[in-house]
Amino acid sequence: MKKIKVGLLTMSDGREHLHKEYLPITMKYQQEIIEELEKSGKYEVVAAAEPLYTNDAARREAMRLREANVEVTMINYSIWCYPQFTAVATAIAPGPFLLFCNLHPSQCGMVGMLAAAGTLDQLDRPYGRIWGSIKDEAVFQKVDRFLRAASVVTRMRGMTFGNFGGRPLGMYTAVANLDQWQKLFGIDVENIEQEDIVRAGLAADAIEVEKGLKWIEDNALKVGYNGKNLTPDILRTQIRSYLGLKKLIHERHLDFVGIKAHGDLTEHYCTMDVAEAFLNDPYDWNGPKEPTVAATEADMDGALTMQIFKLITGKPVLFCDVRHFDFENDVWFFSNSGTHATYFAAASDVPEENLRLTSFLPETVDYPAGGASVHHFAAPGKFTFARLARKGNRYVLTIVPAELVQFDREKMEALGQLTTPQWPIAFARLQVSADRFLSNFPCNHIHGVYGDHVEELLNLARLLKLDVELMEG
């Protein structure tokens, strides 16, 4: 991931003689923050030249952070400092803001931070509070989680979502309000005809198509050609659709996309499963690449949830239907024909490790145009699921901590036969009862990534003033 650019301001006492007396202390804490952030390899720090002890200094240093295009501003409180400097600086410096203080009993950093926090509450400026030593691993992790969430707020602004085809299958929850997206997240929407995918696919380089076909055939666990709805030519068409989408995304400067597919492409061109999988993957046959969030069924709020996860982690994001709950094995079947990146087969950045567990199987007869479904069982591991959805005119972020599990291959194949055998499945154990989950989860689509990212999502929701439902316990 691109390093997050963090602005750092250290506040001081407005009385010049006390400012000078405590200068060694304030600069010591500032330097510790710079060193710990930068040695993590995740951050580039732009720090104030000196602690701020006048309104003029607050204005000048805040402007410098703005001109440096920092993505989040961290404000350090190591002694008592005048809250007015925080008010002046945060009127200019790029937010969101993180207020950070030491816990040394002989120094008044906590007092300074609390006075500044009350000021920002009155001014209704989004921020977070963390206290302790930046050298403490637990404290650093809190800072890290906040800064990553804050950077998502900044990085979303100005992004463009490419909406190929519009609402699918009558789903209200797949369609978002353009005005609301712009007001809350700063995201624009470009509506694009699916016919453009067909035209761009037809123009794809034939050598690239053959290169992709060979890569799949050489590395996949199975390519289930059946001479009917999955042939080499149909798979070539799916590869063309991927190459066409890549071209359109590049030409139109799209940051993430959704593809309707159903009813148009699935009946007259090919299914989008292969294209969506490879867009979401961190590689293709030409080597490593940045994943591009591609949501099936043009699910706008689903794509936005995925894009948030991608911005937090830099990793591929899973898109699933909530398909079935198996009481006997205490496991959910999360499955969908599209958008399961091959990455999830082994959770590896090495494509061969994932593809050797991935089969390209003939799609169901529900999709007459044919094509391959990208089938695998998602690798086990700690997982965080979430979904942005609306209740009335307010967004709610539902967060679902979980674990993906696997069984022996024979059992997984047997369980897969209970749903749609061609489709990929993530077997998930949620940290919430089935009754509560089904009674409260907001729609049929769910999204997630490996790891525990609950705190980042909670921070994000606080900064954006979203309602939250944390489903655990």
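Above this note sits the structure.
Residues numbered from 1 in each chain as written. Predicted model: local features only at pLDDT ≥ 70, side-chain atom pairs only at ≥ 80, totals over all residues. Heavy atoms only, no water.

Draft legend 1. Highlighting the side chain of glutamate 32. Residue position: glutamate 32 is located in helix 2 (residues 23–39). Overall, glutamate 32 belongs to the buried group, its relative accessible area being 13%. Ignoring sequence-local partners within four residues, the contact set of glutamate 32 consists of Ile134 and Lys135. (Helix = DSSP H or I, 4+ residues; strand = E, 2+ residues; numbered from the N terminus. Buried < 20%, exposed > 50% of the residue type's maximum accessible area, 1.4 Å probe, protein only. Contact = heavy atoms within 4.5 Å.)

Draft legend 2. Geometry of the environment of alanine 303. Looking at the secondary structure, you find alanine 303 in helix 13 (residues 300–313). Exposure remark for alanine 303: the relative accessible area of 0% places this residue in the buried category. Along the sequence, alanine 303 and aspartate 281 sit 22 residues apart, while their C-alpha atoms lie 15 Å from each other. When neighbours within four sequence positions are excluded, alanine 303 is seen to be in contact with Phe161, Phe256, Val257, Val293 and Ala295.

Draft legend 3. Here's a closer look at the packing of aromatic side chains. For the structure on display, the rule yields 28 aromatic pairs. Between phenylalanine 325 and tryptophan 332 the ring centres are 4.8 Å apart and the planes differ by 45°, which places this aromatic pair in the tilted class. Between phenylalanine 334 and phenylalanine 437, the aromatic rings sit 6.5 Å apart at their centres with planes inclined by 35°, giving tilted as the arrangement. Placement of phenylalanine 334 in strand 14 (residues 331–335) and of phenylalanine 437 in helix 16 (residues 434–440) is noted, with a sequence separation of 103 residues between them. Taken individually, phenylalanine 334 and phenylalanine 437 each receive the classification buried, so the pair is uniform in this respect. What links up through ring pairs into an aromatic cluster is the set Phe325, Phe327, Trp332, Phe334, Tyr343, Phe344, Phe383, Phe385, Phe437, Phe441 and Tyr450. Between lysine 28 and the ring centre of tyrosine 29, over which it is positioned, the NZ or CZ distance is 4.6 Å. Directly above the ring of phenylalanine 407 sits lysine 411, whose terminal nitrogen or CZ lies 4.5 Å from the centroid. (Phe/Tyr/Trp six-rings, centres within 6.5 Å; stacked < 30°, edge-to-face > 60°. Lys NZ or Arg CZ within 6 Å of the ring centre and 35° of its normal.)

Draft legend 4. Quick peek at a nonpolar patch on the surface. Side chains of Leu103, Met110, Leu114 and Trp131 sit close together on the surface and give an oily, nonpolar patch of about 400 Å² of accessible area. The residue tryptophan 131 is located in strand 5 (residues 127–131) in this model. The class for tryptophan 131 is partly exposed, based on a relative accessible area of 46%. (Patch = residues over 30% accessible without salt bridge, like charges linked within 9 Å, V, L, I, M, F, W, Y side chains within 5 Å. Areas by Shrake-Rupley, 256 points an atom, 1.4 Å probe, with all protein chains shown as cover. Salt bridge = Lys/Arg side-chain N within 4 Å of Asp/Glu carboxyl O.)

Draft legend 5. Structural context of the sheet that holds strand 8 (residues 222–223). The strand order 8-15-16 describes an open sheet built from three strands, whose pairing is mixed. The open sheet has two free edges, formed respectively by strand 8 and strand 16 (372–375), since each of these has just one partner strand. The sheet contact formed by strand 8 and strand 15 (residues 359–362) spans two bridges and is parallel. Considered in strand 15, the bridge of valine 223 is made with phenylalanine 360. Running at roughly 40° to strand 16, helix 12 (residues 273–280) makes contact with strand 15 and strand 16 of the sheet. (Pairing = 2+ DSSP bridges. Axes fitted to C-alpha atoms, helices over the stretch in contact; angles between N-to-C directions.)

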